[in-house]
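Chain by chain, the residues run as shown.
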Amino acid sequence: MIINHPLLGPRDAAEFVYLGDANLINRPEGLGDNAEDAMYDHVYLRDNPAGIHRELWYHEQGDRSWLVVTRNTLTHEVTSVELARDVARSMGRSR
Amino acid sequence: MADFSLKAAPVLGGLDLSIGQCKLVERTDIALISAAVPLDGRTAFEARLKTEWNLDTPSPATSTRAGPMRAIPMTADQMMLAFEPGPTLTEASVHAALDSDAYTTTQTDAWVILELSGAGATTALERICPVDLDAEAFPVNGAARTTMEHLGVLIVRLGTDCFLLLSARSSAQSFLHAVEISCDWTAP
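Source: prediction; values computed, not measured. (Residues numbered from 1 in each chain as written. Chains lettered and ligands numbered in written order. Predicted model: local features only at pLDDT ≥ 70, side-chain atom pairs only at ≥ 80, totals over all residues. Heavy atoms only, no water.)

**Q** What am I meant to see in the overall build of chain B here?
**A** A tally of regular secondary structure across chain B gives four helices and 11 strands. Its C-alpha radius of gyration of 17 Å places chain B within 12% of the 16 Å reference for a compact globule of 188 residues. By residue count, 47% of the 188 residues in chain B fall in the buried class. Long-range contacts, defined as pairs at least 24 residues apart, comprise 59% of the intrachain contacts of chain B with a sequence gap of at least 6. Element-wise, carbon and sulfur atoms account for 51% of the exposed surface of chain B, whose accessible area totals about 9,100 Å². One way to put it: in chain B the 12 positive side-chain charges average out to a point 2 Å from where the 23 negative ones average out. (Helix = DSSP H or I, 4+ residues; strand = E, 2+ residues; numbered from the N terminus. Rg over C-alpha atoms; globule rule 2.2 N^0.38 Å. Buried < 20%, exposed > 50% of the residue type's maximum accessible area, 1.4 Å probe, protein only. Contact = heavy atoms within 4.5 Å. Areas by Shrake-Rupley, 256 points an atom, 1.4 Å probe, with all protein chains shown as cover. Lys, Arg positive; Asp, Glu negative; His and termini not counted. Charge placed at Lys NZ, Arg CZ, Asp CG, Glu CD.)

Here is the structure:
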């Protein structure tokens, strides 16, 4: 499988490590209301879609960047690759 | 008590091999310093590279060179400065020059540096390097951090048939073995 890195171009999937659902970026506030349930959901509960899935990949044997890869789990077609940093910033995070 | 005297030596003993159409040499004349750019400090860092060595900041997939100094991209906001030390250009002088604009770390003794050249160099690397080495996709000065066999490698294209390969010094013999075998097996 080839992942088209937004900065480096097409790179072999062997250079990457898979983490899981891209929603892991959205770590809940640990001291907020209902924090215990929110953290339980964050750590343990996952959607497991047959189809389009946004997931985190780490370019461990490359530039050490985290990526959000949109992949079809039925066909392995990769439709979008973004830097996780940019995704987090677009959601209002500072860095 | 025994009186020890330590002598600096290159990890591969200054290797110089010819295999088929490949020439494989350990470069022992290059010093390495990594430089990480502080948050919000990119403009000052780029200006410092320019004033000190007339060196452009590398893009994510391309190294830059000015005189004896080369900047190899490693990750976002971090690069490896590879240079041939001289009377005025030393590890200490590079650290001092970047003191206020980057976080620097001496890396010279942490890496083994091989130069692979010759008509068979690209073919030998195609066997173990997952990066597309076609001259259009990876032109001269192109740089990538990747893996060969199971070993992390920084690769820089110095010329059409000439590559600089940096890998961890601790696994230098294994890395040499991987490259040597590849040169051997792809020899005509």
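**Q** Got a minute to help me understand the interface of chain A and chain B in this structure?
**A** Interface extent is often summarised as the accessible area lost during association of the parts. Contact residues are listed per partner, giving 11 residues for chain A and 14 residues for chain B. In total, about 980 Å² of surface goes out of reach between chain A and chain B, with carbon and sulfur atoms giving 52% of it. Together, Arg11, Gln61 and Asp63 of chain A form the three largest contributors to the area buried by chain A at its contact with chain B, with a combined 37%. Where chain A packs against chain B, one counts one salt bridge. Arginine 85 of chain A serves as the salt-bridge partner of aspartate 77 of chain B, at 3.7 Å between the closest nitrogen and oxygen. The tally of links between chain A and chain B comes to three residue pairs in polar contact (both at pLDDT 80 or more). Of the residues contributing to the side of chain A that touches chain B, the split by class is two nonpolar, two polar and seven charged. (Buried area = accessible area lost by both parts, 1.4 Å probe. Salt bridge = Lys/Arg side-chain N within 4 Å of Asp/Glu carboxyl O. Polar contact = N/O pair within 3.5 Å; in protein donor to acceptor, adjacent residues only side chain to side chain. Nonpolar A, V, L, I, M, F, W, Y, C, P; charged D, E, K, R; others polar.)

**Q** Before we go on, may I ask you to explain the environment of aspartate 99 of chain B in this structure?
**A** With respect to the helices and strands, aspartate 99 of chain B occurs in the loop between helix H2 (91-97) and strand S7 (103-106). Residues aspartate 99 of chain B and serine 59 of chain B, 40 residues apart in the sequence, show an inter-C-alpha distance of 22 Å.

**Q** It is not clear to me how the domain arrangement of chain B should be interpreted in this structure. Could you clarify?
**A** All names here are of chain B. When its domains are assigned, chain B resolves into domain 1 (16-28 + 110-185) and domain 2 (31-109). Of note, the centres of domain 1 and domain 2, computed from C-alpha atoms alone, are 23 Å apart. At the junction of the two partners, domain 1 supplies 13 residues and domain 2 supplies 14 residues. Each partner contributes to the roughly 1,200 Å² buried at the junction of domain 1 and domain 2, and carbon and sulfur atoms together form 57% of this total. On the domain 1 side of the interface with domain 2, the three residues burying the most area are Trp111, Asn141 and Ala143, jointly 37% of the side's total. (Domains from an automatic or database assignment.)

**Q** Would you take a moment to explain the packing of aromatic side chains for this structure?
**A** In this description, a pair of aromatic rings is defined by centroid distance and the angle of the planes. The tally for this structure, following the rule as stated, stands at four aromatic pairs over all chains. Joined through ring pairs, the aromatic side chains of Phe16, Tyr18 and Trp57 of chain A make up one cluster. (Phe/Tyr/Trp six-rings, centres within 6.5 Å; stacked < 30°, edge-to-face > 60°.)

**Q** When you look at the sheet that holds strand S10 (residues 151-159) of chain B in this model, what are you seeing that I'm missing?
**A** Within a sheet, neighbouring strands are paired by backbone hydrogen bonds and run either parallel or antiparallel to one another. Residues and elements named next belong to chain B. Reading across from one edge, S1-S2-S8-S11-S10-S9 is the order of the six strands in this open sheet, with antiparallel pairing throughout. Pairing within the sheet leaves two strands with one partner each, and these edge strands are strand S1 (16-19) and strand S9 (143-148). Across this sheet, the average inter-strand angle for adjacent strands is 25°, counted without regard to direction. Of the strand pairs in this sheet, strand S8 (residues 111-117) and strand S11 (residues 162-168) are connected by seven bridges, and their pairing is antiparallel. Bridged to leucine 116 within S11 is phenylalanine 163. Across the sheet, helix H3 (residues 121-128) lies against strand S2 (22-26), S8, S9, S10 and S11, angled at about 35° from S11, the strand it touches most. Docked against the sheet, helix H4 (residues 172-185) engages S1, S2, S8, S9, S10 and S11, running at close to 10° with respect to S8. (Pairing = 2+ DSSP bridges. Axes fitted to C-alpha atoms, helices over the stretch in contact; angles between N-to-C directions.)

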